Amino acid sequence: MAVFGFAAGLPYALLLGTLYAWLSDAEVDLETMGVFSLIGLAYAFKFLWSPALDRIDVPILKKLGKRKQWIVTAQLLLGLILVVLAMLNPVSSIGWFSLLAGIGAFASATQDVVIDAWRVDVADEEATIDILSTVYQMGYRIAALVGGALALFLAERTDWPTVYLTMGAVMLLVGFLGLFAPDAETTVQTATEMADEHGLRKAGQLDPRLRGWALVAVAILWGWALITVGVFMVQSLGSDPETRPDSVSFISTMGPLIVLATVVIPAIIAAFLVRFERTSKYLLAEDLPAESMAGRFLDHGYRALVLPLTEFVGRLGWALIVILGLVLTYRITDSIWGSFAYPFYLGELQYTKDEVAVASKFFGVGALMIGLAVGGYMLATLGRMLTLTLGAVLAAATNLLYADLARGGAVVQSVSDLTGFSWLVTNLGGDPGLAKLMMAIAGENIAVGIAGVAFVAYLSSIVAKGYSAVQYALLSSLTLLVGTLGRGALGQMIEEQGYFHIFILTTLMGGVAVIICIIEWIRISRLGTKAGIDAIALKGV
């Protein structure tokens, strides 16, 4: 799990962070650099191709298992892409450079989907979801340090091609190590066998014609979204600026429509199917075996695309509304303003790049690791829901630290002085004013670490083994979508009102997550195993 967590974090850091430092050194124009950020949509919409990862095998590598075959393939592909990027000039070969970066983002997002599913599938009473989630986050954050701070350090002393060649070699090594990971095949096969045992064409199951219409509707909606996002990314990553679509307009207009088409409407369709089944409507009176290739294709597609949704809706019922509300709001306090962190540090607060690097990359990552460790300990001692709720409280409250910095940082400075932290930073060669920035970043990162561990553990506990790829990908994508859709409006609000009011707003948003956490905690405590959470996972509640 530690290796897989590292493998998930490294390409994300290299493709959506460090790559911009290379482009800056190569003097690539800002417009092109801005377009590169759109490869992040691959992570936001990864659930669109997640059903295929449950049903399609990779030739030759399929013997590795249902999950490992995709994990190893993605890791080896990422390693090769990083090596090839090292051989290209981002100025003269910008077309190939952007294409490979986009493919790398899709491979990285695919790897995330399968690793998340693998974590759910292999969890047991010894290696619990809580433990695996903590270890995963540790590996992920170490990779962020390696792909961020260490990569910048190496680039300063060598060059960018050497850095990406080295990182590519690391990913290839990780892909080799992945061959020896435990196999999740047993649990996935069991889930499939259970589905076959209660076959879709036996008496008492939904009429194939009804299932066919449901499959067509969901497939069209998800297919439209996938094509829309894919075309937008291809057009945006083209080297001709004149043909690039307006990214802000696309996200603000198409973003809500995509959420409606991929989440809201399919959930409603799944709810109707569950209701029909429970009220004995449109059911088969007798067994009706599939007699044609089209019938078998229908069953195959339904199991891959619709059954994970109906299982989710059927198991959780109306509680799904609470869960979706929690997913949409829990990480919004840190995710929505993250894109404006550097403008805030460098522009608003007037810190230097070196000071920001020390505070956010080195000291901040250290604080984040402490938060992860504390979060893991809290999960083991306090239980998942209490840790989840406290994480939401801390994540919201630490936004007030930045609100104070936006007003001069008097409170944060006083705390730093009283605790002796200012004295320590000064004696280590730092500027006295740097201490308050480090104090604020430390507070936020510790809170994010605690909240992150608890949130991953919670999401992992509410998905079903056998359907984990689709269900977890859908939930985690929703977390990213809110931040993506809200950044445009947030940027405009910063321009009009300033940072102080924005941090107050994000704190209030975090308060909504706290309320929903409490509601979900009460629901789980009252219903126990009937809450729709795996029995093993409930031991950590």
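A quick note: this is a predicted structure, and the numbers were derived from the prediction, not measured.

A. How the structure looks around helix H5 (residues 68–86). The first and last C-alpha atoms of H5 sit 27 Å apart over 19 residues, in line with the 27 Å expected at 1.5 Å per residue. Counting buried positions along H5 gives 14 out of 19 residues, so the element sits mostly inside the fold.

B. Structural detail: the nonpolar core. By size, the foremost hydrophobic cluster in this structure holds 125 residues, and its most contacted members are Tyr164, Tyr330, Leu388 and Tyr458. In contact with Tyr458, other than residues within four places in its own chain, are Ile323, Leu326, Arg384, Met385, Leu388, Glu520 and Ile524. Core analysis: the second largest hydrophobic core is formed by 22 residues, Phe344, Phe421, Met438 and Leu490 among them.

C. Representation of the pattern of salt bridges. By the definition in use, this model includes nine salt bridges. The closest approach of N and O atoms between Asp299 and Arg211, which form a salt bridge, is 3.0 Å. You can see Asp299 sitting in helix H12 (residues 293–316) and its partner Arg211 sitting in helix H10 (residues 208–236), a full 88 residues away along the chain. Overall, Arg211 belongs to the buried group, its relative accessible area being 1%. Across the pair Glu520 and Arg523 runs a salt bridge, and its minimum N-O distance is 2.8 Å. Placement of the pair is Glu520 and Arg523 together in helix H23 (residues 499–527), with a separation of three residues, close to one helical turn. An identical accessibility class is assigned to Glu520 and Arg523; each is buried.

D. Up close: a nonpolar patch on the surface. A surface patch of nonpolar side chains, about 590 Å² in accessible area, is lined by Trp224, Leu257, Leu260, Val264, Ile265, Ile268 and Phe272. Sort the elements by how many residues they give to the nonpolar patch and helix H11 (residues 247–278) lands first, with six residues. Structurally, the position occupied by Phe272 is in helix H11. Note on Phe272: relative accessible area 47%, which makes it partly exposed.

E. Examining the confidence of the model for the chain more closely. Overall, the predicted model of the chain reaches an average pLDDT of 82, with 88% of residues at or above 70. For the chain, helix H9 (residues 185–197) is the element with the lowest average pLDDT, namely 42, and helix H17 (residues 384–397) is the one with the highest, namely 93. In the predicted structure, residues 186–198 sits below a pLDDT of 50 and forms twelve contacts with residues beyond four places in sequence or in another chain. Segment residues 535–540: pLDDT under 50, and 13 contacts once partners within four positions in sequence are set aside and those in other chains are kept.

Quick notes on the rules
Residues numbered from 1 in each chain as written. Predicted model: local features only at pLDDT ≥ 70, side-chain atom pairs only at ≥ 80, totals over all residues. Heavy atoms only, no water. Helix = DSSP H or I, 4+ residues; strand = E, 2+ residues; numbered from the N terminus. Expected span 1.5 Å × (residues − 1). Buried < 20%, exposed > 50% of the residue type's maximum accessible area, 1.4 Å probe, protein only. Core = buried A, V, L, I, M, F, W, Y, C linked by side-chain atoms within 4.5 Å. Contact = heavy atoms within 4.5 Å. Salt bridge = Lys/Arg side-chain N within 4 Å of Asp/Glu carboxyl O. Patch = residues over 30% accessible without salt bridge, like charges linked within 9 Å, V, L, I, M, F, W, Y side chains within 5 Å. Areas by Shrake-Rupley, 256 points an atom, 1.4 Å probe, with all protein chains shown as cover. pLDDT = per-residue confidence, 0-100.

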